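Understanding the architecture of this molecule
The residues making up each chain are set out below.
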Amino acid sequence: METNEVVYLAVKPNYVTSVLKDLSSAVRAHTLIVSIAAGVPTFVIEKHLPDEARVIRVMPNIAAVVQSSACVYARGKNADDGDCDLVTEMLNCVGLVEEMPEDLMDAATGLSGNGPAYVRHYGFVAIQALADGGVKMGLNRDKALRLAAQTLLGAAKMVLEQHVHPEQLKDEVCSTGGTSIYALHRLESCGFRGALMDAVEAGTLRSIEMGQHHLDNNK
Ligand SMILES: NC(=O)C1=CN([C@@H]2O[C@H](COP(=O)(O)OP(=O)(O)OC[C@H]3O[C@@H](n4cnc5c(N)ncnc54)[C@H](OP(=O)(O)O)[C@@H]3O)[C@@H](O)[C@H]2O)C=CC1
Ligand SMILES: O=C(O)[C@@H]1CCC=N1
């Protein structure tokens with residue numbers, strides 16, 4: 001079916017139900033609803049709309065503002081390939097986009113949706129902390145910040161564009177007995193990897209919990 005009307009649902013998840021109640025009477029078969037609300041399953045959105053409503057649930061991330069978002073989406077029961085193409089085209093303008101089954105949306109939320117916040121605590125703070133390390137070791141602040149940000153960007157680009165496995169990248173950087181392996185040893189001792197894994201797990205579980213809350217309230 002041709003879509004000629006797209007409604008973006010971008011309110012906080014706890015407002016979704018009440019907004020849908022107001023919106024429902026305006027939704028037609030040609031209306032595509034695109035929701036970015038975290039933890040709100042398509043099923044819940046569809047429940048508040050006319051039967052024929054076409055719904056796509058997106059989990060973008062904030063790097064859309066610099067055209068570097070990592071977006072995933074899942075289609076609702078009536079959304080067709082044309083709807084998905086439209087959403088893909090739209091999201092492609094702000095970064096990478098992939099369709100996935102709805103039951104994986106929580107995991108994607110825990111990883112890429114929330115990721116920039118870890119990046120705030122890790123990437124933005126990782127950037128910040130790397131820069132602080134540079135400052136401690138004698139670089140000036142501006143230079144250290146630029147080097148730190150470019151370093152993360154470069155590593156991400158190598159993974160995405162050259163399909164270099166992070167393990168290979170790590171091995172290539174770590175010369176035998178060299179500086180990187182000493183630094184890496186310190187990161188491992190601090191539980192850096194485990195902390196990031198814990199963060200993704202906690203974000204995913206919270207997204208599932210939010211979805212469950214919506215299901216319970218919409219029984
Ligand atoms: N922040 C992020 O990185 C990400 C957020 N999301 C999702 O995006 C959604 C928005 O989050 P976020 O941008 O952080 O939140 P914000 O609070 O920044 O934005 C919410 C927006 O909803 C508007 N709003 C509130 N009530 C209504 C209403 N009744 N009708 C119309 N608009 C309304 C607000 O307008 P006003 O300010 O005028 O009240 C505001 O512009 C959430 O569902 C979140 O889960 C998804 C992925 C990443
Ligand atoms: O914290 C949140 O709920 C939103 C959803 C994904 C990222 N931020």
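Residues numbered from 1 in each chain as written. Chains lettered and ligands numbered in written order. Predicted model: local features only at pLDDT ≥ 70, side-chain atom pairs only at ≥ 80, totals over all residues. Heavy atoms only, no water.

- Per an unreviewed UniProt entry, the protein is named pyrroline-5-carboxylate reductase, and its organism is Ridgeia piscesae.

**A look at the site of ligand 2**
- Near ligand 2, the surroundings consist of Ala 38, Met 59, Gly 113 and Asn 114.
- Burial of ligand 2 by the surrounding chains reaches 47%, relative to a free accessible area of 240 Å².
- Residue composition of the shell around ligand 2, by class: 2 nonpolar, 2 polar and no charged. (Near = heavy atom within 4 Å. Areas by Shrake-Rupley, 256 points an atom, 1.4 Å probe, with all protein chains shown as cover. Nonpolar A, V, L, I, M, F, W, Y, C, P; charged D, E, K, R; others polar.)

**Some words on the site of ligand 1**
- Near ligand 1 you find Ala 10, Val 11, Lys 12, Pro 13, Val 19, Ile 36, Ala 37, Ala 38, Met 59, Pro 60 and Ile 62, and these make up its full shell.
- Take Lys 12: an N or O atom from its side chain is 3.2 Å from an oxygen atom of ligand 1.
- Take Ala 38: an N or O atom from its main chain is 2.9 Å from an oxygen atom of ligand 1.
- In isolation ligand 1 exposes 900 Å². Once the protein is present, 44% of that is buried. (Polar contact = N/O pair within 3.5 Å; in protein donor to acceptor, adjacent residues only side chain to side chain.)

**Observations regarding the pairing of strand β3 (residues 54-59)**
- The buried fraction of β3 amounts to 6 of the 6 residues, a majority that puts the element mostly inside the structure.
- Of the two faces of β3, the one holding Arg 54, Ile 56 and Val 58 and the one holding Val 55, Arg 57 and Met 59 are both buried throughout.
- After leaving strand β2 (residues 31-35), the chain enters helix α2 (residues 42-47) and then returns to the sheet as β3, a path that is right-handed.
- For β3 and strand β4 (residues 69-75), the ladder comprises 4 bridges, and the chain directions are antiparallel. Residue pairing in the sheet places Ile 56 in a bridge with Arg 75 of β4. (Buried < 20%, exposed > 50% of the residue type's maximum accessible area, 1.4 Å probe, protein only. Helix = DSSP H or I, 4+ residues; strand = E, 2+ residues; numbered from the N terminus. Right-handed = clockwise from strand over helix to strand, strands pointing away. Pairing = 2+ DSSP bridges.)

**Concerning the sheet that holds β2**
- Strand order in this open sheet of 5 strands is β1-β2-β3-β4-β5, and the pairing throughout is mixed. At either end of the open sheet lies a strand with only one pairing partner, and these are β1 (5-9) and β5 (95-99). Neighbour-to-neighbour, the strand axes of this sheet turn through a mean angle of 25°, independent of strand direction.
- Sheet topology places β4 next to β5; 5 bridges connect them, and they run parallel. If you follow Val 72 over to β5, its bridge partner there is Glu 98. (Axes fitted to C-alpha atoms, helices over the stretch in contact; angles between N-to-C directions.)

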